[in-house]
Amino acid sequence: MTQAIRRALHCLRPHSVQGLAKFRAGVAADGGYVMLDALHGCQIAYSLGIGGDVSWDLAMAERGLLVFQYDHTVDGPPAGHPNFRFHKTGLAAADGAGMISLPSAIHANGHAARSDIILKMDIEGAEWNILDTLGSDTLSQFSQIVIEVHHLRRLEEPAWLDRAHRIFARMEATHACVHVHGNNWGPLCVIHGIPVPDVLELSFARRDLGRFELSNELFPTPLDAPNKSGDYDFFLGGFRFLCTDPMSTDEP
């Protein structure tokens, strides 16, 4: 079990991209994300999960991107911008019951042929069902993905671990993780001796954006901030999980 958890987390080892710096989009608290400064030419962003903070959306909109927002739990964003396109619709693995799948949303907006989309997903645990339905063709439409994954304490459950590994491996095939940050609103769990935040913020970049190398950063970095102000950030170190599987390497 320990080795299986390491194999899943091994897919998330952070990388740097030669010649590209990172920046923080959004507030220095819950709602902000660290991304590659590689938005040149990007015109579209999808923000799944709005709640009471749109600081990331505003950062994208101020850079000239149209931001397509989806959240069925609110009547509208707490702040406006001419580049916002709000939909009071939730995202799900499949269409139905007032929900829409991500591929259907992309198609409905006329973006099916685009490969320059930025994706932000913070939907309180519903991300797993959605991500498990996305193929490489849809994933490849996103040049960057920032996502908050929840309930990592369940990595000790074999079926849940299998799904997480399947999702992370599929994402790793098209994208590399470039940043990790633990959300301190949730606990820091120790699962079979492995410390993992229950809620983890992940930033991915598509592999054609540049030359990727394993990062030598320690996380959190100066770009990070505690999600819960006043509490300490979780120290994740290099967030590399070596595995002894002979089919795995530490290189992408």
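It should be noted that the structure appears before, not after, this text.
Not measured: the values here are computed from a predicted model.

Trainee: Help me understand the pattern of salt bridges, please; the structure alone is not making it clear to me.
Mentor: Close approach of charged atoms allows side chains with opposite charge to pair. All told, the structure shown has twelve salt bridges when counted by the stated rule. Close ionic contact of Lys88 with Asp75 constitutes a salt bridge, the shortest N to O distance being 3.3 Å. With Lys88 in the loop between β6 (84-87) and β7 (90-91) and Asp75 in the loop between β5 (66-70) and β6, this pair connects stretches of sequence that are 13 residues apart. The exposure class of Asp75 is exposed, given its relative accessible area of 70%. We note a salt bridge from Asp231 to Lys228, for which the minimum N-O separation is 3.6 Å. For Lys228, a relative accessible area of 29% corresponds to the partly exposed category. Each of the salt bridges in this network shares a partner with another, and the network as a whole consists of Asp132, Arg166 and Arg170.

Trainee: Any chance you could explain helix α6 (residues 158-174) here in plain terms?
Mentor: Each full turn of the α-helix corresponds to 3.6 residues, which orients residues three or four apart in the same direction. With 17 residues, α6 extends 25 Å from end C-alpha to end C-alpha; this agrees with the ideal 24 Å at 1.5 Å per step. When we look at burial in α6, the residues that qualify are Trp160, Leu161, Arg163, Ala164, Ile167, Phe168, Met171, Glu172 and Thr174. Buried residues of α6 fall within an arc of 165° about the axis and therefore sit on the same side. Exposed positions of α6 whose direction lies more than 90 degrees from the buried face are Pro158, Ala159 and Ala173.

Trainee: Would you mind showing me how to read the packing of helix α1 (residues 2-10) against α6 here?
Mentor: Packed helices, taken two at a time, are described by the angle their axes make and the gap between the axes. Running from amino to carboxyl end, α1 crosses α6 at an angle of 30°, the nearest separation of the two axes being 8 Å. Accordingly, the angle class assigned to the pair α1 and α6 is roughly parallel. Read as a crossing pair, α1 and α6 show a hand that is left-handed. Facing Ala4, Ile5, Arg7, Ala8 and His10 of α1, the residues of α6 in contact are Leu161, His165, Phe168 and Glu172.

Trainee: Explanation requested: unusual backbone geometry in the structure shown.
Mentor: In this chain, Phe219 is followed by Pro220 through a cis amide linkage whose omega measures 10°. In this fold, Pro220 is placed in the segment after β15 (212-214). In this structure, Phe239 takes a positive phi of about 50° despite not being glycine. Looking at where Phe239 falls in the secondary structure, it is placed in the segment after β15.

Trainee: Even after reading the chapter, I still don't get the packing of aromatic side chains, so can you show me in this structure?
Mentor: For any pair of aromatic rings, the description consists of the separation of the ring centres together with the inter-plane angle of the planes. For the structure shown, the criterion picks out five aromatic pairs. Look at Trp128 and Trp160: their rings are 4.8 Å apart centre to centre, the planes differ by 65°, and that puts the pair in the edge-to-face class. A residue pair is termed long-range when its members are at least 10 positions apart, and Trp128 in helix α4 (residues 127-131) and Trp160 in helix α6 qualify at 32 residues. Neither Trp128 nor Trp160 differs from the other in exposure class; each is buried. One aromatic cluster is present, formed by Tyr46, Phe68 and Tyr70 through successive ring pairs. Geometry around Phe23 places Arg63 over its ring, the cationic atom sitting 4.1 Å from the centre.

Trainee: Teacher, can you tell me more about the nonpolar core here?
Mentor: For soluble globular proteins, nonpolar side chains are generally found buried alongside one another. Of all hydrophobic cores here, the largest spans 50 residues; its most connected members are Tyr46, Leu48, Leu102, Leu155 and Leu202. No other element matches the six residues that α6 contributes to this core. With residues near it in sequence (within four places) discarded, Leu202 still touches Leu12, Ile145, Val146, Ile147, Val149, Phe168, Cys177, His179 and Val180. With 18 residues, the next largest nonpolar core counts Tyr33, Leu65, Val74 and Val146 among its residues.

Trainee: Where do I start with the sheet that holds strand β10 (residues 142-149) in this structure?
Mentor: Backbone-to-backbone hydrogen bonds join strands into a sheet, with any given pair of strands oriented parallel or antiparallel. Within the open sheet, the seven strands sit side by side as β6-β5-β4-β9-β10-β14-β11. Their pairing is mixed. Each edge of the sheet is formed by a strand with only one pairing partner; in this case those strands are β6 and β11 (175-182). Taking the axes of each pair of neighbouring strands and ignoring which way they run, one obtains an average angle of 15° across the sheet. As defined by bridge partners, β10 adjoins strand β14 (residues 200-206) across six bridges and the pair is classed as antiparallel. The residue bridging Ile147 from the neighbouring strand is Leu202, located in β14.

Cut-off values and rules
Residues numbered from 1 in each chain as written. Predicted model: local features only at pLDDT ≥ 70, side-chain atom pairs only at ≥ 80, totals over all residues. Heavy atoms only, no water. Salt bridge = Lys/Arg side-chain N within 4 Å of Asp/Glu carboxyl O. Helix = DSSP H or I, 4+ residues; strand = E, 2+ residues; numbered from the N terminus. Buried < 20%, exposed > 50% of the residue type's maximum accessible area, 1.4 Å probe, protein only. Expected span 1.5 Å × (residues − 1). Arc of directions from axis to C-beta. Axes fitted to C-alpha atoms, helices over the stretch in contact; angles between N-to-C directions. Parallel < 35°, antiparallel > 145°, perpendicular 65-115°, else oblique. Left-handed = near helix turned anticlockwise from the far one by under 90°. Contact = heavy atoms within 4.5 Å. Phe/Tyr/Trp six-rings, centres within 6.5 Å; stacked < 30°, edge-to-face > 60°. Lys NZ or Arg CZ within 6 Å of the ring centre and 35° of its normal. Core = buried A, V, L, I, M, F, W, Y, C linked by side-chain atoms within 4.5 Å. Pairing = 2+ DSSP bridges.

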